Every structure is written in structure tokens, then in C-alpha cells.
Amino acid sequence: MTWTANSCLVTLAILFLWRVEEIAEACSCSPAHPQQAFCNSDVVIRAKVVGRQEVDVGNDIYGNPIKRIKYDIKQIKMFKGPTQDTDAIYTAPSSAVCGVSLENNGKEYLITGKLETDGTMHITLCDFLEPWEDLSATQKKSLTQRYEMGCDCKITRCSVIPCMISSPAECLWTDWVIEKTVNGGQAKHFACIKRSDDSCAWYRGVALPKRDFLDIEDP
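Below is a summary of the structure that appears in this document. (Residues numbered from 1 in each chain as written. Predicted model: local features only at pLDDT ≥ 70, side-chain atom pairs only at ≥ 80, totals over all residues. Heavy atoms only, no water.)

## Overview of the overall build of the chain
Worth spelling out the cut-off: Counting from the N terminus, the helices are DSSP H or I runs at least four residues long and the strands are E runs at least two residues long. The criterion used for residue contact is that any of the two residues' heavy atoms lie within 4.5 Å. Using a 1.4 Å probe, the Shrake-Rupley method yields the accessible areas, and only the shown protein chains count as cover for residues.
For the chain, the count of helices and strands is 7 helices and 10 strands. A sequence separation of at least 24 residues applies to 54% of the contacts in the chain between residues at least 6 apart. Summed over all atoms, the accessible surface of the chain reaches about 13000 Å², with 53% contributed by carbon and sulfur.

Set out below in C-alpha cells:
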């Protein structure tokens, strides 16, 4: 085999490995019901962006700078999180690695995310981030108490029929198979609530569940 052919093979091998690494780093998320997003997050806030800048947050193992997008925010309300207000959130610089793009035009968002060991809040495309005006009345009310009442429940997403729950402490989420969207009726108008017998059931309504709902055996 000639030197030119060997060189071409080496080049192709490098390009292939680069592409495999790029694919491996691509962002992939499993859909989550808003209640799951609330329960699994360290911080849940209503806020708007007031500034954006790219910052260095350290170096990787090769000594290259790690870039992040820092959004300066004005917190309007905290539904879950630390005692102090959050004034900045960080995300990756590209959607390919789950970075989030937020508008700096006065738009208010519901933002869920994780707290790092240094106390900073980080968000990804896998977190639940929605314009506040796009949330239903039930979703907004559920942020104050109802979602938290169901954090011991498990919400099981039904992606193909037949599907079923394996425990009384589960709620079956069927938006995808019925409405072909994960932002359907159950996501917008229902919360999975734990009842007095430790079973869980879907509850719909703006008001908090009444005692008779919590005490009955069947939804």
C-alpha cells in the first residue's frame, strides 16, 4: 500500500473517531412531566434574563478553557431552592451539549435546574424551561404546593400501547400515546398526588386536593 493511501486511511480514521465523539456528546433527554422536573430539580424559579456573557469556568484535562454561557437574571419568585435569591444561571455554550438559549427581552420564564457544589445554578435542555405565559393555570398553582405533595410518587411515561404501572404508587402518563405530545392534558392540567393509603393518583383542579380525594382508595 502506498504512502498516500496510508495517509488517506489515517485521515479517514481520525475523522471517523471525531465524528463518533461528536455524536457521543450530542444532547439526549428523556421527556419528563412538569411534576417530575420540579421534584428532581434543586432550584425552581420564575425569572427573566437581564444580561448574557460567555465566561471561562476552568480548564479541562488537556488544559483547554471550559466555556459557559452566564445569564444574569432577575428572580421574581422562588418555588424551590436555597434561601438566597439566584442572580445568575450557567449553561453550556451549544445546544449540541445541552446548552440553553434564553431571550433577553423581558420575557419571564419558569426555570428548573441543579445546584453545583459552589452554589451556582446550572441548566440544560433536559431541564424544564418554559415561558411563564405558556404555563397553564394548574401548572402555576401546582408549583406552590401540589407538585411537592407528589414527589414520593412515580410518574411512568407510556410511549407505546399497551403500558401499565407496576405499583400503586405510580401514575401512568399517557399524553404521548393519546395526543402525540408530551405537553398534553396530563402535563398541563394534572398532578400525581400521594394519598393516605400511600397510593398515587392523578388529580385535576386549581385548588388543593380535598380530604375526601386523599382518603379514597380509587381515583
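More follows now that the structure is in view.
## Describing the packing of aromatic side chains
The condition is simple: Two rings belonging to Phe, Tyr or Trp (six-membered ring only in the last case) form a pair when the distance between their centres is within 6.5 Å. Interplanar angles under 30 degrees mark stacking, angles over 60 mark edge-to-face geometry, and anything in between is tilted. Think of it in three bands: residues with accessible area under 20% of the maximum for their type are buried, residues over 50% are exposed, and the middle band is partly exposed, with areas taken using a 1.4 Å probe on protein chains only. Our definition puts a charge over a ring when NZ of Lys or CZ of Arg is within 6 Å of the ring centre and also within 35 degrees of the ring normal.
Using the criterion set out here, one finds 3 aromatic pairs in the structure. When the centroid spacing of 6.1 Å and the interplanar angle of 50° are considered together, the rings of F38 and Y147 count as tilted. A residue pair is termed long-range when its members are at least 10 positions apart, and F38 in helix α2 (residues 34–40) and Y147 in helix α4 (residues 146–149) qualify at 109 residues. The burial state of F38 is the same as that of Y147; both residues are buried. Taken together, a centroid distance of 6.3 Å and an interplanar angle of 80° make the contact between F190 and W202 edge-to-face. Of this pair, F190 sits in strand β9 (residues 190–194) while W202 sits in strand β10 (residues 200–204), and the two are 12 residues apart along the sequence. Stacked on the ring of F38, the Lys or Arg K80 has its end atom at 5.3 Å from the ring centre.

## Describing the nonpolar core
The condition that has to hold: Only buried residues count toward a nonpolar core, which is a set of Ala, Val, Leu, Ile, Met, Phe, Trp, Tyr and Cys residues joined through side-chain atoms within 4.5 Å.
Among the nonpolar cores identified, the biggest contains 15 residues, and I89, L102, I111 and I123 are the most heavily contacted of them. Secondary-structure elements contributing two or more residues to this core are β1 (43–59), β2 (65–80) and β4 (108–115). Ranked by residue count, the leading element in this core is β1, at 4 residues. When neighbours within four sequence positions are excluded, I89 is seen to be in contact with I69, K70, Y71, I73, L102, I111, M121 and I123. Core analysis: the second largest hydrophobic core is formed by 13 residues, F38, L110, A191 and I193 among them.

## Brief notes about the pattern of salt bridges
For the record, the criterion: Salt bridge criterion: a side-chain nitrogen from Lys or Arg within 4 Å of a carboxyl oxygen from Asp or Glu.
Applying the stated criterion to the full structure yields 6 salt bridges. Between K70 and D72 there is a salt bridge whose closest N-O contact spans 3.7 Å. A relative accessible area of 24% places D72 in the partly exposed class. We note a salt bridge from K194 to D198, for which the minimum N-O separation is 3.8 Å.

## Concerning the environment of S41
Selection rule: Whenever a nitrogen or oxygen atom comes within 3.5 Å of another N or O atom, the pair is scored as a polar contact, on the condition that within protein one atom can donate a hydrogen and the other can accept it, and that pairs from neighbouring residues in sequence are kept only if both atoms are in side chains.
Among the structural elements, S41 can be located in the loop between α2 and β1. Residues S41 and T112 lie 71 residues apart in sequence; the distance between their C-alpha atoms is 6.0 Å. Setting aside its immediate chain neighbours within four residues, S41 contacts K80, T112, G113 and K114. Within polar-contact distance, the side chain of S41 engages the backbone oxygen of A37 at 2.6 Å.

## Considerations on the state of the cysteines
Convention followed: Note on terminology: disulfide denotes any pair of cysteine sulfur atoms within 2.5 Å.
Scanning all chains against the criterion turns up 6 disulfides. Residue C39 pairs covalently with C151 via a disulfide, S to S 2.1 Å. Classification of the bridge connecting C39 and C151 rests on its S-S torsion, roughly -90°, and on that basis the disulfide is left-handed. Here C39, found in helix α2, pairs with C151, found in the loop between α4 and β7 (154–157); they are 112 residues apart in sequence, far enough to count as distant.

## Describing the environment of A32
By secondary structure assignment, the location of A32 is in the loop between α1 (3–24) and α2. The spacing of A32 and F128 is 96 residues in sequence and 8.0 Å in space, taken between C-alpha atoms.

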